[in-house]
Amino acid sequence: MTLDNIFQKVKHEHIRFVRFLYCDNGGIIRGKSAYAPTLTARMTGGIGLTVAMQAMNSLDQLQPMKGMGPVGEVRLVPDASTFRILPYAPHSAAVLTDMTTLEGNPWEACPRSFLARMELKARALGITVLASIENEFSLILDDKPWDDTLCFSSQGMLASQEFVDELAEDLDHQGIVLEQYYPELAPGQHEISVRHQDAMRAADQQIYTRETIRAVAANHGLRVSFAPKPWVDQAGNGGHIHFSLVDEAGNNLIYEPHDPYQLSPLGYEFMAGILFHLPALLALTAPTVNSYQRLVPNTWSGGYSCWGPDNREAPLRIASPLKSRESQSVNIELKAADLSANPYLALGGLIAAGLDGITQHREIGKPALVNPDQLTDHERQIMGIVRLPQTLSRALDYLTQNPVLTDALGDLLLNSYVAVKRSEVAFYDDKSPDDIAAWHRFRY
Ligand code: GLU
Ligand code: MG
């Protein structure tokens, strides 16, 4: 959309505020709103933001971080293509922004610019990464699950039909293509999936989808939890990432009809890179203390490092393709991911790890065809299957020691991210499991 189109829409639709949004190191969606009469200057010049905000954790506790003190500003500069009228908010629109220096260059601590860099790296190899992030969430009334219906149950559909209808309408209004809806396993838990896009659009879409689910629920008097584990004794909320690789003509580069699982050598190498780096990548895809309350065996979230065709206990699953649409539909799913993640960091990290698999020709090893938790220690050892990190602290250790991911992130983004995350680890250190879940319940 051109700037002129945006200004016309703002006028025509009587928009008062345009939200300049970003997602920070703590996974929180934040922003500032431009009042419509000031928009012309803001769309090109951006809105000022203190450099300190990327050192702010998800509890609004500012962390000491070199270069992110009280002095200094960056700009939130909108990507005009992300402009959306917000159907759920009166006279309001939004844009997603990049953090730039005052001179207009990408700021090293900007998560969205990190993903743009990783997309460019993939394009240099003739690869475009397509992705879609699934949305599992809990509808909550008076701090309790809103319904007690069963997994995929039609009674759950009945209970939620007005909410889902409005959600579909509002997503459609923003050009987000909804593909499926269903009630999920836990009381109050529901799920929607949306059409895949190139990685940047998929991350942008995740921000808008999260905002829309939250707002539509509020219109129905409900609160939403995107927390990985809103209650310790109930199923967690995943944010599974589906991905595939295409060339410039849109051909699926991970499809190979003669392979038993219809995956190409390139697809296996990309997946092998992700599996190899997974203990470190988790710090970006499962990035909260609450994430590790979810990421345990036998909860279909992927607690062991392995891969398998349609294996829901494997963090990497080859999703079996749809009959007669094999080449378009074969894709890989990373289950060890949740919606407390910053989607730009999660997808950027996933691409960096996958590309390393390609450039290093990493081998994937044998698939797990059973639940890895039911193998003996010896069987797991033979197959090279190990338990993934069981705490955020451990995943951060892996991240800081991982040259591929640390190089990709760059010093300022890495150091501010780790400072924010380590401070959250410290904050939750003396909290009980129930309290940790409660603190995270409405944070994202
Ligand atoms: N809720 C599960 C999770 O935490 C996933 C269930 C499924 O969709 O397979 O990832
Ligand atoms: Mg699900």
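Note that this is a predicted model, so its numbers are computed, not measured. Numbering of residues begins from 1 in every chain and follows the order in which that chain's sequence is written. The order in which chains are written sets their letters, starting at A; the order in which ligands are written sets their numbers, starting at 1. Predicted model: local features are reported for residues with pLDDT of at least 70 only, side-chain atom pairs are reported and counted for 80 or more only, and whole-chain, interface and lining totals are derived from all residues. Computation of side-chain values: all heavy atoms of the structure, hydrogens and water removed.

Novice: Where do I start with helix α9 (residues 343–359) in this structure?
Specialist: Each α-helix winds once per 3.6 residues, and so residues spaced three or four apart point in a common direction. Put simply, DSSP H or I for four residues or longer makes a helix, DSSP E for two residues or longer makes a strand, and each gets a number counted from the N terminus. To estimate the expected span of a helix, subtract one from its residue number and multiply by 1.5 Å. With 17 residues, α9 extends 24 Å between its outermost C-alpha atoms, agreeing within 8% with the 24 Å of an ideal straight helix rising 1.5 Å per residue. Buried residues are those whose accessible area, probed at 1.4 Å on protein chains only, stays under 20% of the maximum for their type, while exposed residues exceed 50% and partly exposed ones sit between those limits. Of all 17 residues in α9, 16 are buried, a share of seventy percent or more. The definition of a polar contact used here is a pair of N or O atoms within 3.5 Å, where within protein one atom must be able to donate a hydrogen and the other to accept one, and adjacent residues in sequence count solely through side-chain atom pairs. Its side-chain oxygen at 2.8 Å from the backbone nitrogen of Tyr344, Asn342 defines the N-terminal cap of α9. Following α9 by one or two positions, His361 adopts a phi angle in the positive range, close to 45°.

Novice: In this structure, what is going on with a negative patch on the surface? I would like to understand it.
Specialist: Two distance rules govern patches: like charges are joined within 9 Å, and nonpolar side chains (Val, Leu, Ile, Met, Phe, Trp, Tyr) within 5 Å, applied only to residues with over 30% relative accessible area and no salt bridge. All accessible areas in this document rest on Shrake-Rupley with a 1.4 Å probe, and a residue is counted as covered only by the protein chains that are shown. Counted as salt bridges are all cases of a side-chain nitrogen of Lys or Arg within 4 Å of a carboxyl oxygen of Asp or Glu. Under this rule, positive means Lys or Arg and negative means Asp or Glu; His and the chain ends count for nothing. Charge positions are represented by NZ for Lys, CZ for Arg, CG for Asp and CD for Glu. Side chains of Glu162, Asp165, Glu169 and Asp172 sit close together on the surface and give a patch of like negative charge. Within the secondary structure layout, Glu169 lies in helix α4 (residues 154–173). Residue classification places Glu169 among the exposed residues on the basis of a relative accessible area of 54%.

Novice: Any chance you could explain the coordination of the magnesium ion (ligand 2) here in plain terms?
Specialist: Four donors placed tetrahedrally about a metal ideally form angles of 109.5 degrees, and six donors placed octahedrally ideally form angles of 90 or 180 degrees. A donor here means any N, O or S atom no more than 2.8 Å from the metal (3.2 Å for Na, K and Ca); water is not included, so a site may seem to lack partners. Here the magnesium ion (ligand 2) is held by the protein donor atoms Glu136 (OE), Glu184 (OE) and Glu191 (OE), which lie 2.0 to 2.1 Å from it. All donors of the magnesium ion (ligand 2) come from a single chain, and their spacing in sequence reads E-x47-E-x6-E. On the basis of relative accessibility, which here comes to 13%, the residue Glu184 falls in the buried class. Taking the relative accessible area as the measure of exposure, Glu191 reaches 2% and is therefore buried.

Novice: What should I look at first to understand the UniProt feature "domain: GS catalytic" (unreviewed entry) in the chain in this one?
Specialist: Under the UniProt annotation, "domain: GS catalytic" (unreviewed entry) lies at residues 111–444. Secondary structure within residues 111–444 divides into 45% helix and 15% strand; the distance between the first and last C-alpha atoms comes to 17 Å. UniProt positions are given in the numbering used here, feature names are shortened, and annotations may be inferred rather than shown by experiment.

Novice: Can you help me understand the UniProt feature "domain: GS beta-grasp" (unreviewed entry) in the chain in this one?
Specialist: What UniProt calls "domain: GS beta-grasp" (unreviewed entry) maps, in this numbering, to residues 13–104. What you have in residues 13–104 is 8% helix and 38% strand, and the ends, taken at the C-alpha atoms, are 30 Å apart.

Novice: Looking at this structure, how should I read the sheet that holds strand β17 (residues 331–334)?
Specialist: The strands that make up a sheet are held in pairs by hydrogen bonds between backbone atoms, and each pair lies either parallel or antiparallel. Following DSSP output, two strands are said to pair if at least two bridges run between them. Strand order in the open sheet made by the six strands is β12-β7-β14-β17-β16-β15, with mixed pairing throughout. Taken across any chain shown, the strands that pair with only one partner, and hence form the sheet edges, are β12 (197–198) and β15 (307–309). For strand β7 (residues 128–133) and strand β14 (residues 241–246), the ladder comprises six bridges, and the chain directions are antiparallel. Looking across to β14, one finds that Thr128 is bridged to Val246. The contact definition used throughout considers only heavy atoms, calling two residues in contact when any of these lie within 4.5 Å. Lines fitted to C-alpha atoms define the axes, with helix axes restricted to the stretch in contact, and inter-axis angles between N-to-C directions lie between 0 and 180 degrees. In the packing of α9 onto the sheet, contacts are made with β7, β14 and β17, and the angle to β14 comes to roughly 50°.

Novice: Teacher, can you tell me more about the pairing of strand β10 (residues 178–183) here?
Specialist: The two faces of a sheet get side chains in turn, since along a regular strand they alternate between them. Where β10 meets strand β11 (residues 189–194), five bridges bridge the pair, whose relative direction is antiparallel. Paired with Tyr181 across the bridge in β11 is Ile192. Taking the residues that link successive antiparallel strands as the turn, the β10-β11 hairpin has five residues, and the phi of Gly188 there is positive, at about 75°.

Novice: What exactly am I supposed to notice about the nonpolar core here?
Specialist: In globular proteins that are soluble, nonpolar side chains generally tend to be buried together. Buried Ala, Val, Leu, Ile, Met, Phe, Trp, Tyr and Cys residues that are joined via side-chain atoms within 4.5 Å together make up what is termed a nonpolar core. Grouped together as the largest cluster of nonpolar side chains are 99 residues, with contacts concentrated most on Phe243, Leu334 and Leu399. Here Leu399 is in contact with Ala280, Ala283, Leu284, Leu405, Thr406, Leu409, Leu414, Tyr417 and Val418, once residues within four sequence places are set aside.

Novice: Can you help me understand the environment of Phe137 in this one?
Specialist: Topologically, Phe137 is positioned in strand β8 (residues 135–141). Considering only alpha carbons, one finds Phe137 and Gly239, 102 residues apart in sequence, at a separation of 9.1 Å. Setting aside chain neighbours within four positions, we find Phe137 in contact with Phe163, Gly188, Gln189, His190, Glu191, Ile192, Ile213, Val224, Ser225, Phe226 and Asn237.

Novice: Quick question: what am I supposed to make of the packing of helix α3 (residues 111–123) against helix α5 (residues 199–219) here?
Specialist: If you want to describe how two helices pack, look at the angle between their axes and the distance between the axes. Between α3 and α5, the shortest axis-to-axis distance is 9 Å and the interhelical angle comes to 155°. Put simply, α3 runs roughly antiparallel to α5. Judged by residue contacts, Arg112, Leu115, Ala116 and Glu119 of α3 engage Ala199, Met200, Arg201, Ala203 and Asp204 from α5. Gly is put with the polar residues, along with every residue not named as nonpolar or charged; the nonpolar set is Ala, Val, Leu, Ile, Met, Phe, Trp, Tyr, Cys and Pro, and the charged set is Asp, Glu, Lys and Arg. Its residues placed into classes, the contact of α3 with α5 shows five nonpolar, no polar and four charged. Oblique is the label for any angle not covered by the other classes, which are roughly parallel (under 35 degrees), roughly antiparallel (over 145) and roughly perpendicular (65 to 115).

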